[in-house]
Amino acid sequence: MTRSFKTSGAPHMPPQTTVAKVMLQVLLALTPGILAYTWFFGPGILVQITLATIFAVLFESLMLRWRRRPLKPFINDYSAVVTAVLFALCIPPLAPWWISCIAMLFAIVFAKHLYGGLGQNVFNPAMVAYVVVLISFPQAMTSWLPPVVLADHSLSLTDTLLTIFTGQVPVPGGWDAVTQATPLDTLKTGIDAGRMVPEIRHSPLFGDFGGKGWEWIANWFALGGIFLLYKRIISWQVPVAVIGTVLLLSLPFWLLDPDSNPFPLQHVFSGAIVLAAFFIATDPVSGCVSDRGRLIFGAGVGIITLVIRRWGGYPDGVAFAVLLMNMAAPLIDRYTRPRIYGE
């Protein structure tokens, strides 16, 4: 006696995951954080994303033509757009337009195509772009806006565009009237001056854990990161290692001397730790491949970031930490390869 079973039509293959689909899901996961960023700091971030995307696609097209590669499959994979968005999220909302142009030149041309294109780059292109312009143009890269709720002057979209493209702030007092130090910069400067952390945190610039506005942006980026974990776009090892290392290493310093060391959650919810943990350090090309390697890579990013924040010359060290660990990734993978079955 024969039995028949219902089956779906051939071929019995799982759906393919393309680069374009992955990049679109990353952009979707970034959307809540971008919306929160816009809510707390105004429309400047949207202008910066647009500028960076235009320059990234332009340089991508030029390099593909120079390398005699077809435009369509590479332009449509959205990898250049993701690089542009991640970079734009790291710069001040009122940064001049040419910052994005120079940054995308280094990201797409030098950090990506001169290494062979997508999948061949050693360093994270967005972080290469950020570090280049941060070191080259420190004044333009440190002109941050306070949250809208603390701002003395609110800038409309027209004012924002005028400032970005002309460098002139259309309010009385100019740049000094609309810019303010970030929470991380305020903490670092205050601690170096001998002030106590509880005293520094009395400033209205700070919220419950991190900077006012910044902590909510981090929450929404974390939500997007959880979405990527659910979709299995990224693995859990890097985010857990980055955030866990920051918490575990900063906790004893805070317990021993809370007057000179911030509360561990202050580190997590200020700066770019959450964004890096879920969206930057998880880059499968410039990061590690093995599970143990990802844990080591993420822990290294967390350690170097804390070292730079405490003893370095920059308030935040996420970009430098990621690039330094990019250099170590091949060596880490070499010594953390899983044992071959049957060995």
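Everything here concerns the structure above.
Below or above, wherever it landed, is the structure these notes cover. All figures in this text were calculated on a predicted structure; none of them were measured in a lab. (Residues numbered from 1 in each chain as written. Predicted model: local features only at pLDDT ≥ 70, side-chain atom pairs only at ≥ 80, totals over all residues. Heavy atoms only, no water.)

Regarding the packing of helix α2 (residues 44–66) against helix α4 (residues 79–88)
The interhelical angle for the contact between α2 and α4, taken along N-to-C directions, is 145 degrees, at an axis separation of 8 Å. Handedness of the α2/α4 crossing: right-handed. From α2, Ile-45, Gln-48, Ile-49, Ala-52, Thr-53, Ala-56, Val-57 and Glu-60 reach across to α4, where they touch Ser-79, Ala-80, Val-81, Ala-84, Val-85, Phe-87 and Ala-88. Residue classes in the contact of α2 with α4 are distributed as 11 nonpolar, 3 polar and 1 charged. (Axes fitted to C-alpha atoms, helices over the stretch in contact; angles between N-to-C directions. Helix = DSSP H or I, 4+ residues; strand = E, 2+ residues; numbered from the N terminus. Left-handed = near helix turned anticlockwise from the far one by under 90°. Contact = heavy atoms within 4.5 Å. Nonpolar A, V, L, I, M, F, W, Y, C, P; charged D, E, K, R; others polar.)

Points about the pattern of salt bridges
Pairing between side chains becomes possible if they bear opposite charge and their charged atoms approach one another. Scanning all chains against the criterion turns up 4 salt bridges. As a salt-bridge pair, Asp-291 and Arg-294 come within 3.0 Å of each other at their nearest N and O atoms. Within this pair, Asp-291 and its partner Arg-294 are both found in helix α15 (residues 291–311), separated by 3 residues, close to a single helical turn. Judged by relative accessible area, Asp-291 falls into the partly exposed class, the value being 45%. One salt bridge in this structure joins Arg-309 and Asp-316, with 2.9 Å as the shortest N-O distance. Its relative accessible area of 7% is what places Arg-309 among the buried residues. (Salt bridge = Lys/Arg side-chain N within 4 Å of Asp/Glu carboxyl O. Buried < 20%, exposed > 50% of the residue type's maximum accessible area, 1.4 Å probe, protein only.)

Topic: the packing of aromatic side chains
Counting across every chain of the model gives 12 aromatic pairs. Between Phe-41 and Trp-214 the ring centres are 4.8 Å apart and the planes differ by 45 degrees, which places this aromatic pair in the tilted class. Taken together, the positions of Phe-41 in helix α1 (residues 19–41) and Trp-214 in helix α11 (residues 214–230) put the pair 173 residues apart, joining distant regions of the chain. This pair shows no difference in class: Phe-41 is buried, exactly as Trp-214 is. (Phe/Tyr/Trp six-rings, centres within 6.5 Å; stacked < 30°, edge-to-face > 60°.)

So, the environment of Ile-102
Inspection of the secondary structure puts Ile-102 in helix α5 (residues 97–110). Between the C-alpha atom of Ile-102 and that of Val-133, which follows or precedes it by 31 residues, the distance is 7.5 Å. When sequence neighbours within four positions are dropped, the list of residues in contact with Ile-102 reads Val-133 and Phe-137.

Some thoughts on the state of the cysteines
By definition, a disulfide links the sulfur atoms of two cysteine residues through a covalent bond. By the definition in use, this model includes 0 disulfides. Of the cysteine sulfurs around Cys-90, a residue in no disulfide, the closest is that of Cys-101, at 18 Å. Looking at Cys-101, the relative accessible area reads 22%, which means it is partly exposed. (Disulfide = S-S within 2.5 Å.)

Notes on empty space enclosed by the protein
The tally for this structure, following the rule as stated, stands at 1 cavity of 30 Å³ or more. Computed from the structure, the largest cavity encloses a volume of approximately 40 Å³. Looking at the largest cavity, the residues that line it are Phe-41, Trp-144, Leu-145, Pro-146, Pro-147, Gln-180, Ala-181, Thr-182, Pro-183, Leu-205 and Trp-214. (1 Å grid on protein atoms, 1.4 Å probe; cavity = no way out; pocket = protein on both sides within 12 Å on 5 of 7 lines; lining within 4 Å. Points joined across faces, edges and corners; volume = space filled by probe spheres on them.)

Brief notes about the nonpolar core
Membership of the largest hydrophobic core comes to 93 residues, with the highest contact counts inside it found for Leu-30, Phe-87, Leu-89, Met-104, Tyr-130, Leu-275 and Phe-279. In terms of residue count, the dominant contributor to this core is α1 (10 residues). With residues up to four places along the chain from it excluded, the contact list for Met-104 reads Ala-52, Phe-55, Ala-56, Phe-59, Ala-84, Phe-87, Val-109 and Ala-129. If you look at the next biggest cluster of nonpolar residues, it comprises 6 residues, including Ile-191, Val-197, Leu-205 and Phe-206. (Core = buried A, V, L, I, M, F, W, Y, C linked by side-chain atoms within 4.5 Å.)

Thoughts on the side chain of Thr-336
Among the secondary structure elements, Thr-336 is positioned in the segment after α16 (318–335). Owing to a relative accessible area of 7%, Thr-336 belongs among the buried residues under this scheme. Excluding its chain neighbours within four sequence positions, the residues that come into contact with Thr-336 are Ser-290, Arg-292, Gly-293 and Ile-296.

Some remarks on the layout of surface pockets
A probe matching the size of a water molecule, rolled over the atoms, marks out where space remains unfilled. Considered as a void within the structure, the largest pocket measures approximately 790 Å³ in volume. In terms of lining residues, the largest pocket is bounded by 37 residues, among which Met-23, Thr-282, Asp-283, Pro-284 and Val-285 are the most central. Elements represented by at least two residues in the lining of the largest pocket include exactly α1, α4, α6 (125–136), α14 (273–280) and α15. Residue composition of the lining of the largest pocket, grouped by class: 22 nonpolar, 10 polar and 5 charged.

Digging into unusual backbone geometry
With a phi close to 60 degrees, Arg-68 is a non-glycine residue in the positive phi region. A relative accessible area of 79% places Arg-68 in the exposed class. Within the chain, Arg-232 stands out as a residue other than glycine whose phi angle is a positive 60 degrees. Along the chain, the position of Arg-232 falls in the loop between α11 and α12 (237–256).

Quick word on α5
Compared with the 20 Å implied by 1.5 Å per residue over 14 residues, the 20 Å span of α5 between its first and last C-alpha is a close match. Turning to α5, its buried residues are Ile-99, Ser-100, Ala-103, Met-104, Ala-107, Ile-108 and Val-109. Here the buried face of α5 lies against α2, α4 and α6. (Expected span 1.5 Å × (residues − 1).)

A look at the side chain of Thr-282
Position of Thr-282 among the secondary structure elements: in the loop between α14 and α15. Accessibility expressed as a relative area gives 16% for Thr-282, which makes it buried. Contact partners of Thr-282, with chain neighbours within four places excluded, come to Ile-234, Val-238, Pro-239, Ala-276 and Ala-277.

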